[in-house]
Amino acid sequence: MATGGRHRTHLAGYMRNRREAKNNKPVHENANRETPSKKFQPKSRPVFKGKPCLSNLPDEILLQVFSALTPSDLLLAARVCRRWRDLTNDNLIWKPIFDEHIRKDKKKCIAQPLDPPPGYWKTECIKGGVANRNGFIGKYLKKKSPYTKLPADLNKALQLLGISWLLSFVDSDGNEHPVTCKDVYYFAMSVTVRWYDLQLPPVDRIRKLKIYSMNPVFVDKKGKASPNSPSQRSLLLERDFHWSRWCEDKTPLSEDEAIRVFDFGDGVAVSNWKGDGELAFITVSFHAHQLLDRCIQGNAYGCANLQTRKPKRQDLDGKYGFYGYSCIIEVRDQRNVLWNEQFLNLDNTNMSGDHVCLSPIDAMDNVYHQVLSKKLNFPWKTDLFKGIMQDMCIMDVTVLDKHELPIWTISSPVSIRQSAQNIDFEFEGDKRGIHYRDSKGYINLLIDCDRSTAKNTVVSLQLFIAMGTIDDWFGTNYQTKQTKK
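*Asks:* I'm lost on the packing of helix α5 (residues 91–101) against helix α6 (residues 120–134) in this one. Help?
*Replies:* The axes of two packed helices give the description: the angle between them and the distance between them. In contact at an axis separation of 7 Å, α5 and α6 are set at 20° when each is read in the N-to-C sense. Relative to α6, α5 is oriented roughly parallel. Note on packing geometry: the crossing formed by α5 with α6 is left-handed. Residue-level contacts link N91, W94, K95, I97, F98 and H101 of α5 to Y120, W121, K122, E124, C125 and N132 of α6. Tallied by class, residues from the contact of α5 with α6 come to 6 nonpolar, 3 polar and 3 charged.

Given below as structure tokens:
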């Protein structure tokens, strides 16, 4: 008991000393402030993990933000996450867009479900925009040029519809690297697009090359693309790209002290630097024939499946398909036409194996020889450098049948090579030739280059159309008969 009493006395003394020490503590400035009771404490702010961002906002606020965006920005926002995708599909956002861009008669009632599902008005906007835009296509394609027999308003249509061009590289990991075009040039029979950039992907990692047209969805009453309209991709060209193998098998079209240029086929020219071997620029020439249809009717995953109108077969004519051709040719660089000419009423002059030969300019008849007003060359440029290729150009050709329908179209970079062919004693200059070949035939163009007078003269032009091309077009069977002989 004595021990317990001592413990209680010691504990009571300890507690008394603590109370006295607390009462004798110096008073601070904030000591007199009243501390609010827990009952009246304000609510604390919500605690976010990391920095506050848009994802922390409630749906109602995000809908207000999205309603202020353009249709193009809405489609981009839908790719951020699932929540944003669901919110940007809200019908309250897309119904005003439909009324502004698609609905022609504001007073007329339109059929709609009583309770439209999410994304209904978004789908209707895109469908209506595409239908409105495509309604102007027939108008643009109706008028034909008397010179080329191609759509006369094609270049105007491409610019009014706001169609742009996108180059995309696919690397070894399957990632796409899009590059926007730097230059676009319009000609009577073709469109040339050029890409160059300081941040192109390394050439050894590229596995595919894709070229798209970017087609705005919304147009105004005059058929002009609306500002900030979303665009649809249409695949125009897709090629495998293995640069090291390509360089081993192919001879450059041309080269200078800085770059080499290779013909990649389908109107594509690819250039690389001699120093490090990386890409310098890429240029492509699209022939005008069915170009607008290729842009509109394709999609992001496949090219347009086009049907060509062909003449009816005529069994009574034994030489059907051998006569009545027309040819329009332009030789140019990426910006300027260097030589162009139209040739009418061309007939087969002689059979060359399994080809029909058309000779618009006869080598032995100097009456038809033509002097070039400009020198054939190929200026090029990138962000930092520029130069001129002396032995390269672009050739556009349209061959029309007797019904004035295009049977063979070409728009391709070509090289100008030394030729050993001897033409006429009147021409003693260097002979240089342009030789082009594809599945439909081949073309030989011969130029006499007089160094003393710096005059270039076209002394021969021959077109060889394959028998198979004629049979496919006219429904004949000349190739089969030729094989039996």
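*Asks:* Please explain the layout of surface pockets as it appears in this structure.
*Replies:* Over the atoms, a rolled probe matching the size of one water molecule traces out where space is still vacant. The volume enclosed by the largest pocket comes to roughly 1,300 Å³. Along its surface, the largest pocket is lined by 45 residues, and D266, G267, T409, Y436 and D438 are the ones closest to its centre. Contributing elements (two or more residues each) for the lining of the largest pocket: β6 (231–240), β8 (259–265), β10 (279–287), β19 (406–415), β21 (430–438) and α11 (467–474). Taken together, the residues of the lining of the largest pocket sort by class into 19 nonpolar, 15 polar and 11 charged. Its volume calculated, the second largest pocket comes out at about 530 Å³. Surrounding the second largest pocket, 15 residues form its lining, L75, R79, S231, Q232 and R233 being those nearest its centre. A per-class count over the lining of the second largest pocket returns 8 nonpolar, 5 polar and 2 charged.

*Asks:* I would appreciate a short explanation of the environment of L166 in the present structure.
*Replies:* Inspection of the secondary structure assignment puts L166 in strand β1 (residues 164–171). Assessed through its relative accessible area of 9%, L166 is described here as buried. As for L166 and S213, which are separated by 47 residues in sequence, their C-alpha atoms are 6.2 Å apart. Residue contacts for L166: discarding those within four places in its chain leaves P178, V179, T180, W195, K210, I211, Y212, M214 and R233.

*Asks:* I would appreciate a short explanation of the side chain of S415 in the present structure.
*Replies:* If you trace the backbone, S415 turns up in strand β19. Reaching out from S415, the side chain makes a polar contact with the side chain of R417 at a distance of 3.1 Å. When neighbours within four sequence positions are excluded, S415 is seen to be in contact with L253, D391, M392, G433 and I434.

*Asks:* Explain the sheet that holds strand β2 (residues 176–180) to me, please; I cannot follow it from the model alone.
*Replies:* Consider a sheet: its strands pair through backbone hydrogen bonds, and that pairing is either parallel or antiparallel. Pairing in this open sheet of 4 strands is antiparallel, and the strands run β2-β1-β5-β6 from one edge to the other. A single partner strand is all that each edge strand has here, and the edge strands are β2 and β6. The sheet shows a mean angle of 25° between the axes of neighbouring strands, direction not considered.

*Asks:* Explain the packing of aromatic side chains to me, please; I cannot follow it from the model alone.
*Replies:* The geometry of an aromatic ring pair is captured by two quantities: the separation of the ring centres and the angle between the planes. Following the criterion strictly, the structure yields 13 aromatic pairs and no others. Aromatic pair W273 and W380: ring centres 6.1 Å apart, planes at 75°, arrangement edge-to-face. Of this pair, W273 sits in strand β9 (residues 268–273) while W380 sits in strand β16 (residues 378–381); the two residues are 107 residues apart in sequence, bridging distant segments of the chain. Both rings, one in W273 and one in F385, keep their centres 5.6 Å apart while their planes meet at 70°; by these two values the pair is edge-to-face. One end of the pair, W273, is in strand β9; the other, F385, is in the loop between β16 and β17 (386–389), with 112 residues separating them in the sequence. Judged by relative accessible area, which is 18%, W273 ranks as buried. By way of ring pairs, the aromatic residues F241, W243, F262 and F264 are connected into one cluster. Positioned above the aromatic ring of Y212 is the side chain of R233, whose terminal nitrogen or guanidinium carbon lies 4.8 Å from the ring centre. The lysine or arginine in question, R239, covers the ring of F264, its NZ or CZ lying 5.1 Å from the ring centre.

*Asks:* Looking at this structure, I do not really get the pairing of strand β11 (residues 325–332). What am I missing?
*Replies:* Within a regular strand, side chains alternate between the sheet's two faces. β11 sits mainly inside the fold: 8 of its 8 residues count as buried. Both faces of β11 are covered, namely the face carrying Y325, C327, I329 and V331 and the face carrying S326, I328, E330 and R332. Both β11 and strand β12 (residues 337–346) contribute to a ladder of 7 bridges, which runs antiparallel. Residue pairing across strands places I329 opposite E341, the latter belonging to β12. Once β11 ends, the chain turns through 4 residues before running back antiparallel as β12. Summarising the sheet, β11 and strand β18 (residues 392–400) pair through 7 bridges and their orientation is antiparallel. For V331, the partnering residue across the bridge sits in β18 and is M395.

Rules used in this analysis
Residues numbered from 1 in each chain as written. Predicted model: local features only at pLDDT ≥ 70, side-chain atom pairs only at ≥ 80, totals over all residues. Heavy atoms only, no water. Axes fitted to C-alpha atoms, helices over the stretch in contact; angles between N-to-C directions. Helix = DSSP H or I, 4+ residues; strand = E, 2+ residues; numbered from the N terminus. Parallel < 35°, antiparallel > 145°, perpendicular 65-115°, else oblique. Left-handed = near helix turned anticlockwise from the far one by under 90°. Contact = heavy atoms within 4.5 Å. Nonpolar A, V, L, I, M, F, W, Y, C, P; charged D, E, K, R; others polar. 1 Å grid on protein atoms, 1.4 Å probe; cavity = no way out; pocket = protein on both sides within 12 Å on 5 of 7 lines; lining within 4 Å. Points joined across faces, edges and corners; volume = space filled by probe spheres on them. Buried < 20%, exposed > 50% of the residue type's maximum accessible area, 1.4 Å probe, protein only. Polar contact = N/O pair within 3.5 Å; in protein donor to acceptor, adjacent residues only side chain to side chain. Pairing = 2+ DSSP bridges. Phe/Tyr/Trp six-rings, centres within 6.5 Å; stacked < 30°, edge-to-face > 60°. Lys NZ or Arg CZ within 6 Å of the ring centre and 35° of its normal.

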